[in-house]
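What the coordinates show
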Amino acid sequence: MKRYSNIHRKQLFHWIGHHIDYPTDGAQQIELDDAARKKYLDALKGAIRNGLWVKKPRDPDRLGNKATPKHFEVSRPITCFTEWPVGESLPHTTRYGRLGLGFPRRFVFERGGHPLIYVRGILSGDQYTRNLLTLKEFLSDDRLVGIFGEEKINDHQRRLDYITHFAKWSRIPPIPGSKAKARVVGYFEARRRREKSAMSKDEVEEINFERSYGQRQELLEEREWRVVYHSTFGRHFKKSIHGPNSPEYYMPFAVGEDLFTVVLPDNKTVNMAMNDSFFIRKFYPGDSPHVTVLSLDDIGTY
C-alpha cells in the first residue's frame, strides 16, 4: 500500500463563463446553442492567448459582521480555483460557468496562491476573524504613527490586508441589516423539538441516534484556492490595457505544461473545438504534453 495518496497531483480548476450563461443581472441560465458555444470557445482562446483574468471582484466579499471600519473587504485583484473533483462539479457550474481549466497545485503555489481559510463570523464566536479585526483596530490607532512613523504603519496595514484575502465565509453570510438572529442553531433545535413531539415513542428513539452535522456550508464546499496579486510575483502577471470589460492583470500559462485539462460545456462544443486548427495546434503539440479535453456531458460516465 502506498504511503501517500498523491493528493499533490490532483488538479485545481478555474471556471469561466458566468457572463455567457447570465448575460444580464437576474437572468436565468441560458440554454446552450451554437452562438453560446462559440462564445465559450472565444473565451477559451482569449485565456490561452492572454492568461486568466486577475481582477477586483464586482461584488467584494466582506469579512466581519459590522460595517466600516470593523470589516475587511476583498479589494485586490484575485483569481480563484476550486478543488472540486470534475465528477462532482456539475451542479456548481451554474454559479461560475461551464468552461473549466485544470492546473496543478504547483501552478498556483508559484504565483503566491493558497487554499482559503473558511470562517464563521464573529457573531458565531469565530476567534480567527475577531483577532484579525483586533489587529486592524490596533494598526488604526493614531498613536502608533508617532512611534513608528506613517510609512511603517501603512506598510503593516497593507500586509494585514493581504493576509485577509485568503479568508472567506464558510456559508453565505446574512444580509446586512436583516433581523435574522445570530443563533440560528436555536431555531433548528426548536424545530427539531416540535417535530419530535409529534412522533411516536419508537420514532423518537430512532431519531435520538441520528448525528447532527449543523448548517449547510455552501461556500466551504467549493474548497477554493486563490491567487491574490502581489508585486513579489510580478513576473507571473501581465498588466492589461484597462477598458470597460478588462481585468487589472492577466496571468499567462503554458498549454500542456501548466494547463492540463479543459472541460467544455457539452459534446457539441468539443466537436467544434476539434474542428478548429487553433485548438488542435495548442492541445496536441509534438514537443510537449497534450491537453486532456472533456465535456460536461462526460461527467458521471467514468
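Notes on the structure follow. (Residues numbered from 1 in each chain as written. Predicted model: local features only at pLDDT ≥ 70, side-chain atom pairs only at ≥ 80, totals over all residues. Heavy atoms only, no water.)

1. Description of helix α10 (residues 267–274)
Formally: With a 1.4 Å probe rolled over the protein chains alone, any residue whose accessible area is under 20% of its type maximum counts as buried; one over 50% counts as exposed, and the rest are partly exposed. Think of it this way: any DSSP run of H or I at least four residues long counts as a helix, any run of E at least two long counts as a strand, and we number them from the N terminus. Throughout, the arc means that of the directions going from the helix axis to the C-beta atoms. A contact between two residues is defined here by any heavy atoms of the two lying within 4.5 Å.
Within the sequence span of α10, burial applies to T269, V270 and A273. Projected down its long axis, α10 shows its buried positions confined to an angular sector of 105 degrees, all on one face. Buried residues in α10 make contact with α2 (34–50), β13 (261–264), α11 (277–283) and β14 (292–295).

2. Quick notes on the pairing of strand β6 (residues 99–103)
Cut-off, in case you're wondering: Paired strands, in this sense, are two strands between which DSSP finds at least two bridges.
For β6, the buried fraction is high: five of the five residues fall into the buried class. Burial of the side chains of β6 extends over both faces: L99, L101 and F103 are buried on one face and G100 and G102 on the other. Inspection of the sheet shows strand β1 (residues 12–16) paired to β6 by five bridges, in the antiparallel sense. Across the sheet, the residue bridging to F13 is G102, located in β6.

3. Considerations on empty space enclosed by the protein
Gaps between atoms show up when a probe of the same size as a water molecule is rolled over them. As a reminder of what qualifies: The pocket and cavity definitions rest on a 1 Å grid over protein atoms only: a 1.4 Å probe that fits but cannot leave marks a cavity, an open set with protein on both sides within 12 Å along at least five of seven lines marks a pocket, and residues lining either have an atom within 4 Å of a point. Grid points are joined across faces, edges and corners, and a volume is the space filled by probe spheres set on the points.
Applying the stated rule across the entire model yields one cavity of 30 Å³ or more. When its volume is computed, the largest cavity comes out at roughly 70 Å³. D61, R62, L63, F72, E73, V74, T164, H165, A167, K168 and W169 together form the lining of the largest cavity. Going through the elements one at a time, β3 (62–63), β4 (72–73) and β9 (167–169) are the ones with two or more residues in the lining of the largest cavity.

4. Examining the pairing of strand β10 (residues 224–228)
Across the five residues that make up β10, a large majority, five, are buried. Residues E224, R226 and V228 line one face of β10 and the alternating positions W225 and V227 line the opposite face, and both faces are buried. Two elements, strand β7 (residues 114–115) and β10, share two bridges in a ladder whose sense is antiparallel. In the strand pairing of β10, P115 is matched with W225.

5. Describing α2
Heads up, the rule is: By this rule, a helix spans an expected 1.5 Å times one less than how many residues it contains. For this analysis, a polar contact is any N or O atom pair within 3.5 Å, provided that within protein one partner can donate a hydrogen and the other can accept it, and provided that sequence-adjacent residues contribute only side-chain to side-chain pairs.
For α2, built from 17 residues, the straight-helix expectation of 24 Å at 1.5 Å per residue is met to within 8% by its first-to-last C-alpha distance of 24 Å. Buried residues along α2 sit against β1, α1 (18–21), β6, β13, α10 and α11. Capping the start of α2, D33 holds a side-chain oxygen 3.2 Å from the backbone nitrogen of A35, two or three residues further along. Phi turns positive, to about 120 degrees, at G51, one or two residues after α2.

6. Points about unusual backbone geometry
Even without glycine at this site, R223 takes up a positive phi of about 50 degrees. Residue position: R223 is located in the loop between α9 (201–207) and β10. Residue class for R223 comes out partly exposed when judged on its relative accessible area of 34%.

7. A short note on a nonpolar patch on the surface
Counted only if it meets this: For patch detection, residues must exceed 30% relative accessible area and be free of salt bridges, and they are connected within 9 Å for like charges or within 5 Å for nonpolar side chains (Val, Leu, Ile, Met, Phe, Trp, Tyr). For accessible areas, the Shrake-Rupley method is used with a probe of radius 1.4 Å. Any residue's cover is judged against the shown protein chains and nothing else. By salt bridge we mean one thing: a side-chain nitrogen of Lys or Arg within 4 Å of a carboxyl oxygen of Asp or Glu.
Among the surface-exposed residues, I117, Y128 and I163 lie close enough to one another that they form a single nonpolar patch of about 250 Å² accessible area. Assignment of secondary structure puts Y128 in helix α5 (residues 127–139). Judged by relative accessible area, Y128 falls into the partly exposed class, the value being 31%.

8. Regarding the sheet that holds strand β11 (residues 238–239)
Read from one edge of the open sheet, three strands run β2-β12-β11, paired in antiparallel fashion. The sheet is open, and its two edges are formed by β2 (52–54) and β11, each paired on a single side. With three bridges joining them, β2 and strand β12 (residues 249–251) adopt antiparallel strand pairing. Residue pairing across strands places V54 opposite Y249, the latter belonging to β12.

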